[in-house]
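Residues per chain, in single letters:
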Amino acid sequence: MSDWRAAMTDIAPGADRPLARPNVFEIDLAAVASCTRAIRDLIGPRVHFTATLKANAYGYGVLPVARTVLRASADALALANLEDAVALREAGIREPILVYAGVLPDTACAAALRDHDLTATLHSEESRRAHAALAGPPLKVAVKVDIGPERIGVPASTAAGFIQRVAGDPRFRLEAVNAHPNLPADADPEALAWQYRRFLHVRDAVARLGVNVPRWVLASSRVLRLTGTAMALNAVDPGDALFSPLHSADDTAPSPFHRLSSRLIQVRTVERDAYLADANFAMRPGMRVGIFPLGYSDGMRALHAGCVLVNGRRVPLAGPPALEYTRVDLTQAPGAMVGDEVVVVGAQGGERISPAEAVRHQGAARVADLAMQVGPGVVRRYLPDAAQAPD
Ligand SMILES: *Cc1c(COP(=O)(O)O)cnc(C)c1O
């Protein structure tokens, strides 16, 4: 089952999974709605706002997140995965959806884009030709320009001519030109300004050719964080900022990564006293050990903060996660029993392991890097955005 199917099943009424392992990822859609509204407040009502939901909405589940951001004032969606885009249409999402480059440029994919009223990305001469080969009514398209990452896109040097050809081609309806600046965290801020100027040069050259392009899009999360609306032009396309506040929040700020939990399925006492130094955790005879069924096949290796909560206490992991299980040292929680809840991230009793703490422990860049690690076998539960009526 692919991620989006898992995500869609989880929000269907009565779609509990009684036979699943007791691993639950709770996602707070109110936090997504509040980040989305903060972006709208920043850009104002007239700037077009595409919410970018790559990678199964950065791990949070593409359909529930799509509904949330659209209700919270996003105008359109962008996805990298054509299957996800088709699934959103089949689930009844009517707003514009841009599909970034990702599939091989062939006519089957081009036809799927048009049949589902999706906007295709033209990012190279091959992709332009493959989409132009489609007979029938015009296909909605965006042109992706590469202004610096040297990744996907038409090189800035040849982009104006490419855009002119696409705009003049009756087989296409050009909606936008977009670019995605990409820089290492410690880059010279001038390097971003240079990428922006390259984008403006393309825009000016296109204007001199007399071609009208409805939207110019470059401001993703990093750009909005670093420069506010200075590079917002008439449209923005943030992804990460839908899930973590635009400006650094402390560990208590609500995060869509609300909680990740499991349950103890065995509690036991270490009885052996041989080869203690050769065990894969610091073992002592008489030590109480608990086991929960969340392992590195569920992403556990990249998700934990070195400890978990049991009976409202912090207890350390005992050794690294195995494929399907993780051990905890229950010395500090002597009353723990089979069935007791284990919180990997989130609150229990008066204690809390924040997502930011797990990010720091893992040396990860952001909370989304954690969310994307949670395996599809973990049950997703959505805390509804209380401000919004359910479907
Ligand atoms: C991923 C992506 C975005 C969103 O980027 P964030 O850094 O998550 O805001 C915007 N535009 C394009 C073309 C992208 O590929």
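Here, every reference points to the structure presented above.
Residues numbered from 1 in each chain as written. Predicted model: local features only at pLDDT ≥ 70, side-chain atom pairs only at ≥ 80, totals over all residues. Heavy atoms only, no water.

This brings us to empty space enclosed by the protein. Within the structure shown, the criterion is met by 5 cavities of 30 Å³ or more. His48, Thr50, Leu98, Ala176 and Arg215 are, among the 17 residues lining the largest cavity, the residues nearest its centre. Listed by contribution, the elements that provide at least two residues to the lining of the largest cavity are strand S2 (48-52), strand S3 (76-79), strand S4 (97-99), strand S8 (172-178) and strand S9 (215-219). Grouping the constituent residues of the lining of the largest cavity by class yields 10 nonpolar, 4 polar and 3 charged. Taken as a whole, the second largest cavity holds about 120 Å³ of empty space. Taken together, 16 residues make up the lining of the second largest cavity; nearest its centre are Ala101, Gly102, Val103, Thr121 and His131. Every element with two or more residues in the lining of the second largest cavity is listed here: helix H6 (107-115), strand S5 (120-122) and helix H7 (125-132). Sorting elements by how many residues they give to the lining of the second largest cavity places H6 first, with 3 residues. Residue classes in the lining of the second largest cavity are distributed as 10 nonpolar, 5 polar and 1 charged. (1 Å grid on protein atoms, 1.4 Å probe; cavity = no way out; pocket = protein on both sides within 12 Å on 5 of 7 lines; lining within 4 Å. Points joined across faces, edges and corners; volume = space filled by probe spheres on them. Helix = DSSP H or I, 4+ residues; strand = E, 2+ residues; numbered from the N terminus. Nonpolar A, V, L, I, M, F, W, Y, C, P; charged D, E, K, R; others polar.)

Bringing the sheet that holds strand S16 (residues 326-329) into the picture now. Strand order in the open sheet made by the 3 strands is S12-S13-S16, with antiparallel pairing throughout. Each of the sheet's edge strands pairs with one partner strand only, and the pair in question is strand S12 (266-269) and S16. Between one strand axis and the next, the sheet turns by 25° as a mean value, whatever way the strands run. Where strand S13 (residues 288-292) and S16 come together, 4 bridges link them in antiparallel fashion. For Gly290, the partnering residue across the bridge sits in S16 and is Val328. (Pairing = 2+ DSSP bridges. Axes fitted to C-alpha atoms, helices over the stretch in contact; angles between N-to-C directions.)

Attention now moves to the site of the ligand. The immediate surroundings of the ligand are formed by 13 residues, with Lys54, Tyr58, Ser221, Asp237 and Gly239 found nearest. The side chain of Ser221 places a nitrogen or oxygen atom 2.5 Å from an oxygen atom of the ligand. One nitrogen or oxygen atom from the main chain of Gly239 is found 2.8 Å from an oxygen atom belonging to the ligand. Coverage of the ligand by the protein chains reaches 89% of its 380 Å² of free accessible surface. The cavity where the ligand resides is the largest pocket. Per-class residue counts for the shell around the ligand are 3 nonpolar, 6 polar and 4 charged. (Near = heavy atom within 4 Å. Polar contact = N/O pair within 3.5 Å; in protein donor to acceptor, adjacent residues only side chain to side chain. Areas by Shrake-Rupley, 256 points an atom, 1.4 Å probe, with all protein chains shown as cover. Sits in = over half its atoms within 2 Å of the grid points.)

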